[in-house]
Structures are given as structure tokens and as C-alpha cells.
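Inside the fold
Listed here are the chains, written in short residue letters.
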Amino acid sequence: MKSFRLLIPGIALVFSAASVADNAPIRGFPPPLQPADLVLLDATIVTLDPLQPHAQALAVRDGRIAALGSDDAIRHYVGAKTKVLDLHGAFVTPGFIEGHGHLMDTGEALMQVDVGKAASWDEIVSIVKAAVAKAKPGEWIIGQGWQQAKWNKVPQPNVDGLPLPTKLDAISPNNPVLLNHASGHGIYANAQALKLAGITDTTPDPAGGTIVRDAQGRAMGMLRDSAADPVFAAYDRYVTSLPAADRAAHRERALQLAVQNEVSKGITSFVDQGESFETVDWMKQQFAKGQPLRLYVYIDEKSVDKLDKHLVDYRIAGYADHHFTVLGLGEDVSDGALGTHSAWFLAPYNDAPGITGKNVTAMSDIAQMAKIAARDGFQMAIHAIGDRANRELLDLYQNVFTQYPAATALRWRIEHAQHLDPADIPRFAELGVIASMQSIHTCSDAPMVVPHLGEKRAQEGAYVWKTLIDSGVIVLDGTDTPVEDTNPIPNFYCGVTRAYGHGTKTFYPAQAKTRLQELQSYTWNNAYAMLQEHELGSLSPGKLADLDVFSGDLLTLPAEDILRTRVLYTIVGGKIVYQRPGADGWHKGQLFDAMPEFDHAE
């Protein structure tokens with residue numbers, strides 16, 4: 001019987017030709033497969049892994065993906081204790097990542113008076129009146145989400161489309177009222193709130209803010225950007241006066257509401273755009289107890305001295321089994337918002353010729369913060385809506401990169417990047433700056449963009465995702481929750497259609513993303529921007545088992561059916577953290593009612 005020798009350095013292995021020919025089994029090889037904790041079968045899986053782009057089934061063990069393949073191959077991972085989901089052809093993707101949101105604000109908004117769906121100022125007054133009727137004297141009424149551009153009629157009389165305060169003051173004489181604009185860049189406060197804030201008719205506009213006044217120069221209640229800070233301070237004083245136990249319970253409830261809201265909508269990781277040192281300390285404690293959502297937090301601290309002393313101490317990576325990370329500094333705002341005429345532009349607004357917007361946080365302050373971030377190895381993520389705000393930030397980043405070359409590897413971002421001068425578009429790729437954009441803002445803002453900016457500026461620089469992607473820029477997606485509903489489905493729809501007005505109009509459709517680009521923006525690109533693409537963002541053996549199961553194939557559905565797609569399961573670390581009622585009875589082809597039109601605007 002003939003034999004042959006295989007030489008490995010230091011080892012000689014002799015094989016019998018007969019035994020090889022006879023396929024005689026080698027004892028203990030292959031080793032038996034360890035059973036999986038979770039197996040998905042009969043699925044349409046898009047992995048975003050170029051080595052294995054598609055699969056039919058998937059196995060999870062110890063919170064990570066063990067294998068992907070055919071149903072027959074993955075059934076070998078099923079053991080006595082394995083949970084098996086037969087998905088009947090449902091669409092499976094890497095877990096969606098909310099690329100730009102405000103977690104605690106989202107929880108607070110879920111506990112506040114919802115004025116976002118009100119069709120007019122009169123309807124808002126009625127909603128507030130009902131809340132006042134249930135409140136104790138002195139109790140603050142907090143509302144969220146109004147946008148005058150969405151009202152079905154302009155209030156009369158008005159200033160810049162905004163109502164005078166007479167009706168609101170009349171129904172709430174003993175309760176301070178604070179109504180947050182949908183953009184997050186303005187509030188409407190009643191007379192009682194202005195009084196507690198110390199704002200009078202003679203109070204001057206602060207740096208970075210505007211007190212809107214009527215024809216007689218009286219403060220009417222609308223406060224833009226930093227002008228709202230005294231009202232927020234007055235509200236904080238009220239909250240501080242409440243019993244400590246009540247404050248603690250309120251904060252914990254806000255967190256839990258926000259977390260459950262996210263996972264119920266398919267969000268597995270959340271990028272929180274700014275929390276104070278104190279809130280980060282508290283959040284770290286909460287996540288040590290266990291949360292179903294992964295959180296990537298940016299430090300938002302206005303004091304340069306505090307940042308200089310303490311930022312480096314807040315580097316947190318992969319805490320609580322990869323559920324809590326702090327590696328960034330943001331979201332200081334360089335300007336305001338389009339809807340409040342406070343986004344900072346190179347040229348005046350078309351419909352407000354004397355206004356170019358506002359620089360909200362002094363660029364010199366942002367420059368100091370950027371140098372501290374570069375020194376300490378932190379990512380920067382700064383808000384910029386208007387074309388001048390974006391140019392100023394690109395200039396600032398370029399200067400810092402010259403002084404601190406290592407910072408170019410930290411994946412610095414510009415949040416929103418909504419309106420760009422054509423000359424600045426190539427600079428994102430040249431500098432390696434990430435464009436953190438929100439598709440849904442385009443469809444929400446579309447009715448106001450051309451009136452505010454004119455056709456030329458709108459076409460050349462408004463929400464130019466495709467131009468940025470084609471130039472080599474990493475473009476992210478998210479919703480800026482609670483500015484918009486965190487649900488990724490309307491966002492996805494807007495990203496690939498740029499349709500609004502219940503699908504009857506499109507906003508410069510040449511800038512729409514492909515379906516695959518939109519999926520990448522919500523998954524792998526966001527993971528890359530979190531410096532976690534080796535753990536998240538695609539489905540590959542060894543990576544964290546974060547994934548979503550959708551009722552419709554987002555890559556192939558007719559566009560009009562995207563809004564009929566629902567999350568069936570949200571899975572984080574191999575655990576089902578959300579299951580839609582009836583998901584186990586879902587069958588391929590089952591459709592749901594279309595989601596309503598977008599509610600908010602930036």
C-alpha cells in the first residue's frame with residue numbers, strides 16, 4: 001500500500017493512500033458543532049459583507065453571529081435549547097443605527113404635550129388649554145413639535161407667520177408654557193414663562209439668539225436659539241424644586257421610554273448627540289444595569305475650562321458588553337435652523353432679504369473645543385445647516401488637522417450638512433469629513449426650501465446626498481429624534497424617493513440614493529462613524545448579532561410599498577428585544593397600512 005508524506009515545519013504527517021481513497025473517517029474530525037442560542041431560517045438576508053452578500057439562514061451564539069448560509073447548513077446549529085425563528089421569507093438586515101438623535105430629549109418628548117400634529121395655532125391653544133385644566137397652578141406645561149410651515153392657515157395677526165401671544169396667555173395665566181419648535185431651535189413661551197425667565201420688552205437679543213417682537217417692539221413669546229436659554233433655566237429651577245425622588249423617577253422613566261421607543265422601531269444602536277458630564281455619569285450607571293439598546297454618546301459641555309480638565313477622563317469604549325461608548329465631543333451648534341430663518345447663510349434669505357441667519361456658538365469657542373478634542377483623541381460632531389456654517393466648520397477642521405495631523409483619523413463629522421455652497425462640496429472628501437445627514441429632513445423641509453433660498457441655491461446645494469456620495473464622502477442617516485419620529489421606514493422612503501406631499505411631488509430626485517446606498521447609510525456607514533465597523537454594521541461571523549427583521553424587502557419593494565413595511569423583530573446581541581404583535585404569524589406578502597406623511601421639519 002502506497003503512502004505519502006506531508007511535511008509541515010517540525011511535523012511529519014504520514015497518510016495512507018488507501019485510507020484517503022476509502023474516505024475513512026478521522027476520529028474527532030470534524031468537531032461537532034456547538035448548538036446556537038438563536039437560529040433564523042427561511043429569511044432573505046442582506047449582510048452588507050462583500051464576501052457573503054446574501055444568505056438564507058443565520059445562527060447566533062453568545063451574542064455574536066456564528067454562521068450564515070442555507071437553511072440546510074444552519075439547521076446543524078439547532079440544539080435542544082436553540083430558539084428557532086422561521087421567518088417565511090422576511091427581510092433581514094444589519095441592525096439599524098440612529099445616526100443622529102437626542103435620547104433623553106426623545107424620552108422627555110414622549111411625556112410632553114404633543115403639539116406637532118396640530119393643524120393650526122388655534123388647535124395648539126386648545127391642546128394647551130386641556131393640559132392646563134389638568135395641571136396645578138404653577139406647574140409648567142411643556143409641549144413639543146410645532147412647525148408653523150405645516151399649519152393649514154397663517155394666524156392673524158402675525159409676525160413672520162408667528163402668532164401674537166394673546167390667546168395663549170388668556171388660557172394659561174397661572175401656568176408657565178414652553179412649546180418647543182420642531183427644529184429644536186426656537187420656543188414659544190407664554191407671559192408667565194417670560195416673567196419667570198426675566199425676559200421683558202427691553203431685554204436685548206443675546207449673542208446667537210433672537211427675541212421676536214411685535215410691531216410695537218414687545219417680546220411676543222417666540223425665542224430663537226440662545227434667546228430661549230433663560231426660559232429653559234427657569235424651567236430647570238422649577239424641576240430642581242421638586243422632590244429628589246420625583247426627579248429621579250422622572251429621569252429614569254424618560255430613559256426607559258426612549259429606549260423602548262427606539263428598539264420598537266428597529267434601532268439597535270443610537271448616536272446621542274450631546275449629554276453633559278453629569279448625565280453621562282448617570283447614563284453609565286443605568287447601562288451597567290442592562291439596557292436593550294447600544295448607545296454612543298457625545299459630550300456636550302459649554303465650558304471650555306471643564307472640557308480642558310475632564311474630557312480625557314470620559315473616554316469609554318465598549319462598556320457594559322458594548323452597550324455604552326463615549327468617544328466624541330458635540331453637538332455645539334454653529335447656526336440655527338432653516339425653518340426659523342436662523343440657519344447661517346453666505347447670502348440673505350430670499351423671503352427675508354435682511355437676514356442671513358445666526359452664528360449661535362462663537363466659532364472661536366468651537367475652535368478651542370476642537371483643539372481639545374484633537375489633543376485628547378476625541379471625535380468632533382458639530383451642527384451646521386446653512387452654507388456659511390458649513391464653510392466655517394470646514395475651514396476650522398482644516399486648520400485643526402494642520403496642527404494635529406492625527407485628528408484626521410478620528411472621523412470628524414458635520415451634523416446635518418443640509419445646505420452647501422458648490423465650492424465646498426469637494427472639501428468633505430478632501431478632508432475626510434463625514435456628512436451626518438437626515439433624509440427625512442429633506443421631505444419635511446421641501447415645501448419651504450425654494451421660498452427661503454430660491455431655485456438656484458436649492459438645486460445646487462440642498463441635501464445633496466448623491467453628489468457627496470459620488471465624491472467619496474461617507475454619508476450617514478438618522479432622524480434627529482425627537483425633531484422627527486425615529487422610525488427608519490419613512491426616512492428610508494425619503495432617502496430613495498425624495499418624495500413628499502403624499503408622494504405627489506419630488507425634491508430634486510437626481511440626488512436620491514440607491515436602495516443599497518440608503519441601507520448602507522443606516523447601517524455600515526453609521527457603524528464606521530462610531531468607529532465600530534469591526535463589530536457592527538454588517539452581518540459576518542464573529543460580529544455582534546444586531547439585526548432587524550422587516551416585513552418587506554426594502555431593496556426590491558415598489559417604492560409606494562416601502563411605507564407599508566414594518567419591523568417584525570429587533571435583535572440586539574442575539575436577544576429579541578422587540579417583537580411586533582402577530583410577528584410569528586406573519587407571512588410573505590402581507591402588507592400593512594401606509595405610514596402617514598412626515599410631521600416635522602428642520
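Everything below is about the structure printed above this text.
In short, a report on the structure. (Residues numbered from 1 in each chain as written. Predicted model: local features only at pLDDT ≥ 70, side-chain atom pairs only at ≥ 80, totals over all residues. Heavy atoms only, no water.)

Considering the overall build of the chain
Condition: Helix and strand definitions follow DSSP, with helices as H or I runs of at least four residues and strands as E runs of at least two, each counted in order from the N terminus. The quantity called the radius of gyration is restricted to C-alpha atoms. Its globule counterpart is 2.2 Å times the number of residues to the power 0.38. Working definition: with a 1.4 Å probe on protein chains only, accessible area under 20% of the residue-type maximum means buried, over 50% means exposed, and in between means partly exposed. In this analysis, two residues are considered to be in contact whenever any of their non-hydrogen atoms come within 4.5 Å of each other. Here the open area of atoms and residues is found with the Shrake-Rupley method and a 1.4 Å probe, where only the protein chains shown may cover a residue.
The number of helices and strands found in the chain is 21 helices and 31 strands. For 602 residues, the compact-globule formula gives about 25 Å, and the C-alpha radius of gyration of the chain, at 27 Å, lands near that figure. The buried share of the chain, reckoned over its 602 residues, is 56%. Put simply, of all contacts in the chain between residues at least 6 apart along the chain, 72% involve residues at least 24 apart. With an accessible surface of roughly 24800 Å², the chain has 54% of that area assigned to carbon and sulfur atoms.

Regarding the pattern of salt bridges
Which entries qualify depends on this criterion: Salt bridge, as applied in this entry: a Lys or Arg side-chain nitrogen positioned within 4 Å of an Asp or Glu carboxyl oxygen.
Throughout the structure, instances matching the rule amount to 26 salt bridges. Of the charged contacts in the structure, one is a salt bridge between arginine 64 and glutamate 535, with a shortest N-O distance of 2.6 Å. Note that arginine 64 is positioned in strand β7 (residues 64-69) and glutamate 535 in the loop between α20 (524-529) and β29 (547-550), a separation of 471 residues in sequence. Since its relative accessible area comes to 23%, glutamate 535 is described here as partly exposed. Put simply, arginine 564 and aspartate 561 hold a salt bridge, and the shortest N to O gap is 3.6 Å. Residue aspartate 561 is classed as buried on the basis of its relative accessible area of 15%. Each of Arg391, Asp395, Asp421, Asp424 and Arg427 takes part in one network of salt bridges that share partners.

Focus: the packing of aromatic side chains
Here is the rule: Aromatic rings from Phe, Tyr and Trp, with only the six-membered ring used for Trp, were paired whenever their centres fell within 6.5 Å, and each pair was classed as stacked if the ring planes differed by under 30 degrees, edge-to-face if by over 60, and tilted otherwise. By definition here, charges over rings are those cases where NZ of Lys or CZ of Arg is within 6 Å of the ring centre and within 35 degrees of the ring normal.
This model, assessed by the stated rule, comprises 17 aromatic pairs. Between phenylalanine 96 and tyrosine 522, the aromatic rings sit 4.8 Å apart at their centres with planes inclined by 25 degrees, giving stacked as the arrangement. Remark: tyrosine 522 occurs in helix α19 (residues 515-522) and phenylalanine 96 occurs in strand β10 (residues 96-101); sequence separation between them is 426 residues. Above the plane of the ring of tyrosine 528 lies arginine 411, whose end atom (NZ or CZ) is 3.7 Å from the centre. The ring centre of tryptophan 465 lies 5.3 Å from the NZ or CZ of lysine 513, which sits over that ring.

Description of the side chain of histidine 102
Note the following rule: Between N or O atoms, a polar contact is any pair within 3.5 Å; within protein, one atom must be a potential hydrogen donor and the other a potential acceptor, and residues adjacent in sequence are included only when both atoms are from side chains.
Residue position: histidine 102 is located in the loop between β10 and α3 (103-111). Looking at histidine 102, the relative accessible area reads 15%, which means it is buried. A distance of 3.0 Å separates polar atoms of two side chains, one belonging to histidine 102 and the other to aspartate 480. Once residues lying within four places of it in the same chain are set aside, the contact partners of histidine 102 are Phe270, Asp272, Gln273, Glu331, Asp480, Thr481 and Pro482.

Observations concerning the packing of helix α15 (residues 439-453) against helix α18 (residues 488-497)
Quick reminder of the rule: Geometry is summarised by axes, namely lines fitted to C-alpha atoms with helices restricted to the contacting stretch, and by angles between N-to-C directions that run from 0 to 180 degrees. The scheme is simple: roughly parallel for angles under 35 degrees, roughly antiparallel for over 145, roughly perpendicular for 65 to 115, oblique for anything else. Classes in brief: Ala, Val, Leu, Ile, Met, Phe, Trp, Tyr, Cys and Pro nonpolar; Asp, Glu, Lys and Arg charged; the others, Gly included, polar.
Look at α15 against α18: their axes get within 7 Å of each other, and the N-to-C directions meet at 75 degrees. In terms of orientation, α15 lies roughly perpendicular with respect to α18. Between α15 and α18, the contacting residues are Ser439, Ile440, Thr442 and Cys443 on the first element and Pro490, Asn491, Cys494 and Gly495 on the second. Among the residues forming the contact of α15 with α18, the class breakdown is four nonpolar, four polar and no charged.

Quick word on the environment of serine 364
Within the secondary structure layout, serine 364 lies in helix α12 (residues 363-376). Sequence separation between serine 364 and proline 155 is 209 residues; the distance between their C-alpha atoms is 39 Å.

Quick look at the pairing of β29
The condition that has to hold: Here, strands pair whenever DSSP counts at least two bridges between them.
Alternating residues of β29 divide into Leu547 and Val549 and Asp548 and Phe550, and every residue in both groups is buried. Sheet analysis places strand β9 (residues 91-94) next to β29, joined by four bridges and oriented antiparallel. Looking at β29, one finds that valine 92 is bridged to valine 549.

Quick notes on the sheet that holds β7
Pairing in this open sheet of four strands is mixed, and the strands run β7-β6-β3-β8 from one edge to the other. Of all the strands in the sheet, just β7 and β8 (83-86) have a single pairing partner and so form its edges. Strand-to-strand twist in this sheet, taken as the mean axis angle between neighbours without regard to direction, amounts to 15 degrees. One ladder, built from four bridges, connects strand β3 (residues 38-41) with β8; its direction is parallel. Across the sheet, the residue bridging to leucine 40 is leucine 85, located in β8.

Some words on the pairing of strand β19 (residues 267-275)
Worth spelling out the cut-off: When the strands point away from the viewer, a crossover counts as right-handed if the route from the first strand across the helix to the second turns clockwise.
Counting buried positions along β19 gives nine out of nine residues, so the element sits mostly inside the fold. Taken together, the four bridges between β10 and β19 define a ladder with parallel strand orientation. Each bridged residue has a counterpart across the sheet, and for glycine 101 the counterpart in β19 is aspartate 272. Across five bridges, β19 lies against strand β20 (residues 294-299) in parallel orientation. Note on β20: the bridge partner recorded for aspartate 272 is valine 297. In terms of handedness, the path from β19 via helix α9 (residues 277-288) over to β20 forms a crossover that is right-handed.

Remarks on the packing of helix α8 (residues 244-264) against α9
To keep it simple, the criterion reads: Each crossing gets its handedness from the near helix: less than a right angle anticlockwise from the far helix is left-handed, clockwise is right-handed.
Between α8 and α9, the least distance of the axes is 12 Å, while the angle of their chain directions is 65 degrees. Here α8 is positioned roughly perpendicular relative to α9, judged by the angle of their axes. Here α8 and α9 pass one another in a crossing that is right-handed. Listed contacts from α9 to Arg251, Glu252 and Leu255 of α8 are Glu278, Thr279, Trp282, Gln286 and Phe287. In terms of residue class, the contact of α8 with α9 is built from three nonpolar, two polar and three charged.

Describing empty space enclosed by the protein
Keep this limit in mind: The rule is simple: put a 1 Å grid over the protein atoms alone, call a set of points where a 1.4 Å probe fits but cannot get out a cavity, call an open set with protein on both sides within 12 Å along at least five of seven lines a pocket, and count a residue as lining if it has an atom within 4 Å of a point. Grid points are joined across faces, edges and corners, and a volume is the space filled by probe spheres set on the points.
According to the stated counting rule, one finds two cavities of 30 Å³ or more in the structure shown. Approximately 50 Å³ is the volume found for the largest cavity. Forming the walls of the largest cavity are Pro94, Gly95, Ile97, Thr268, Ser269, Leu536, Gly537, Ser538, Leu539, Leu544 and Asp546. Split into classes, the residues belonging to the lining of the largest cavity amount to five nonpolar, five polar and one charged. Each pocket or cavity is described by its volume, and for the second largest cavity that value is around 30 Å³. Per-element accounting of the lining of the second largest cavity gives the leading share, three residues, to β20.

Digging into α3
Given 3.6 residues per helical turn, the α-helix brings residues three or four places apart onto the same face. Along α3, the positions that sit buried rather than exposed are Leu103, Met104, Thr106, Gly107 and Ala109. Buried-residue contacts for α3 involve β10, β12 (141-146), α8, β19, α9 and β20.

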